[in-house]
Amino acid sequence: MFKPFAIFLMLLVVGGCVQEPERKIVNSPEDKNKSAEAIISKEREAVANDSGLPQPRTEHGLLECQPMHGTSVYCGYQNPEDLVLLPDKSALLVSEMGEFMLDAPGRLSLLDLARGERREIAIDWSGDGWGAEGCLAPDEAAFSPHGIDLTTRSDGLHQLLVVNHGKREAVEFFELVEDAGNWRLSWRGCALPPGDPFINDVAGLKDGGFFITHMWDKSTPFEMVVEQYTKGEKIGWVWEWQKDKGFTKVAGSDELMPNGIAVSADNNKIFVNIYLANKTLRIDRESGEVDGSLILQQPDNITVDDEGSLWIASHKHDPLGQTCAQVREGPCLLPYEILKVEPETMLPLMVISEDGPPMGYATVALRVDEKVYIGSAHGDRVASRLISRSSN
């Protein structure tokens, strides 16, 4: 069982911390004068300041956005936390989120795979019809995306689901439409989980429904959250939403901070990462039983490739007393691993292990043919690496 203070630190700095490796860091006068308040919450900043540990800072030598050590980088993003592939494989759709726990505004954008460049994507906010009855469009200026998922519904339409923290905890429905060679989004509705939700990721179903992960009750004071975790209370879970039934709690899903979530291609299995319990679960939808699991450190997002294999980003930093608050530009170089997992056996294969430039704090790994694309919850870039044949 964790000590209360350790759990408190883990909850506050789950957005990132690491014992800084030897590397050249240049601190500008502006770095010292900038407050971290706009980067992280005051609680997390206070914990980091009191820890006495060295903090990651802006590494100005990486701002030119050059490839290094077999890793290509694509810059100009704000915290590209989650990625999905467009149906024609021409681009990635990118969730550029505000900083974790601040609910700051973010945006959706594209990564053009042929040009390796960031592009805007147009959004029409005037639609409806797919979400819960009477659910109104969000405040566009406050839109704060987090986890996303793109599915082709049984009616053939492309449905993008987006977790939104902007002035509310909601799942926003968008239709992805191709128009004269350009992709655009049309808002089609929303669904607001009951109670006091603090949601993270979403996995869409072919029938138009979805699963989401609830981390903990959002308005609970941190002292209470610490006490609950100290007692071993599993205060997070998974919701299922269906248009005719609304939200239903998935039986047996109570856990310590559910994070990333995905479903198998036939929609019969749920895969959910339990961040604070260091494991990935496989849940059978028909029986509701956990019929497979994998132990791995701090698993974040999870994606499923065309062959059904799972791709998981695993954090390798020590989430105690350090944050990315001083990284005002460029990447925050927290160490990470990317694992490929076979869904039948839940056996992992480590594909990437990285502790250094040009990329850090990976939150998602998305396989596209012979490459894996990597996003981050703190930083200015998406990265990609060629993968070996043994990893295909």
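Predicted model, so just to flag it, every value in this text is computed and none were measured.

Cut-offs used in this document
Residues numbered from 1 in each chain as written. Predicted model: local features only at pLDDT ≥ 70, side-chain atom pairs only at ≥ 80, totals over all residues. Heavy atoms only, no water. Helix = DSSP H or I, 4+ residues; strand = E, 2+ residues; numbered from the N terminus. Buried < 20%, exposed > 50% of the residue type's maximum accessible area, 1.4 Å probe, protein only. Contact = heavy atoms within 4.5 Å. Polar contact = N/O pair within 3.5 Å; in protein donor to acceptor, adjacent residues only side chain to side chain. Pairing = 2+ DSSP bridges. Axes fitted to C-alpha atoms, helices over the stretch in contact; angles between N-to-C directions. 1 Å grid on protein atoms, 1.4 Å probe; cavity = no way out; pocket = protein on both sides within 12 Å on 5 of 7 lines; lining within 4 Å. Points joined across faces, edges and corners; volume = space filled by probe spheres on them. Nonpolar A, V, L, I, M, F, W, Y, C, P; charged D, E, K, R; others polar. Disulfide = S-S within 2.5 Å. Phe/Tyr/Trp six-rings, centres within 6.5 Å; stacked < 30°, edge-to-face > 60°. Lys NZ or Arg CZ within 6 Å of the ring centre and 35° of its normal.

Caption draft 1: Region of the structure containing the environment of K249. Residue placement: K249 occurs in strand β14 (residues 246–249). Residue classification places K249 among the partly exposed residues on the basis of a relative accessible area of 37%. Filtering out sequence-adjacent residues up to four positions away, K249 remains in contact with W237, V238, W239 and D254. A distance of 2.7 Å separates a polar atom in the side chain of K249 from a polar atom in the side chain of D254.

Caption draft 2: A look at the sheet that holds strand β3 (residues 91–96). What the four strands build is an open sheet, ordered β2-β3-β4-β5; its pairing is antiparallel. Pairing within the sheet leaves two strands with one partner each, and these edge strands are β2 (80–85) and β5 (117–120). The sheet shows a mean angle of 35° between the axes of neighbouring strands, direction not considered. Sheet topology note: the β2/β3 ladder contains five bridges and is antiparallel. Residue pairing across strands places L83 opposite V94, the latter belonging to β3.

Caption draft 3: A look at the layout of surface pockets. Approximately 980 Å³ is the volume attributed to the largest pocket. Contributing elements (two or more residues each) for the lining of the largest pocket: β2, β7 (145–152), β11 (199–204), β15 (258–263), β19 (299–304) and β23 (362–368). The leading source of residues in the lining of the largest pocket is β7, at five residues. Residues belonging to the lining of the largest pocket are distributed by class as follows: 19 nonpolar, eight polar and 10 charged.

Caption draft 4: Spotlight on the sheet that holds β23. Strand order across the open sheet formed by four strands is β1-β25-β24-β23, with antiparallel pairing between neighbours. The sheet is open, and its two borders are formed by β1 (71–75) and β23, each paired with just one other strand. For this sheet, the mean inter-axis angle between neighbouring strands, taken without regard to orientation, is 25°. Across six bridges, β23 lies against strand β24 (residues 371–376) in antiparallel orientation. Its bridge partner lying in β24, A362 is registered against S376.

Caption draft 5: Seen up close, the state of the cysteines. Across all of its chains, the model carries three disulfides by this definition. Each sulfur of the disulfide joining C65 and C75 lies 2.0 Å from the other. Between C65 and C75 the disulfide shows an S-S torsion of about 95°. By sign, it is right-handed. Of this pair, C65 sits in the loop between α3 (42–51) and β1 while C75 sits in strand β1, placing them 10 residues apart in sequence. Assessed through its relative accessible area of 23%, C75 is described here as partly exposed. The side chain of C324 participates in a disulfide bridge whose partner is C332; the two sulfur atoms lie 2.1 Å from each other. Classification of the bridge connecting C324 and C332 rests on its S-S torsion, roughly -85°, and on that basis the disulfide is left-handed. C332 shares its class with C324; the two are buried. Numbered by position along the chain, the disulfide-linked cysteines of the protein connect as 1-2, 3-4, 5-6.

Caption draft 6: Broad picture of the side chain of E175. As for its placement among the helices and strands, E175 is situated in strand β9 (residues 170–179). Exposure remark for E175: the relative accessible area of 14% places this residue in the buried category. At a separation of 2.7 Å, a polar atom in the side chain of E175 contacts the side chain of R188.

Caption draft 7: Fine view of the packing of aromatic side chains. One pass over the full model with this rule turns up 12 aromatic pairs. When the centroid spacing of 5.9 Å and the interplanar angle of 15° are considered together, the rings of F100 and F198 count as stacked. Note that F100 is positioned in the loop between β3 and β4 (107–112) and F198 in the loop between β10 (182–191) and β11, a separation of 98 residues in sequence. Its relative accessible area of 10% is what places F100 among the buried residues. Among the aromatic side chains, those forming a connected cluster through ring pairs are F173, F210, W237, W239, W241 and F247. Just above the ring of W130 sits the side chain of R153; from NZ or CZ to the centre is 4.1 Å.

Everything listed here is a matter of coordinates, which is why it stays silent on function.
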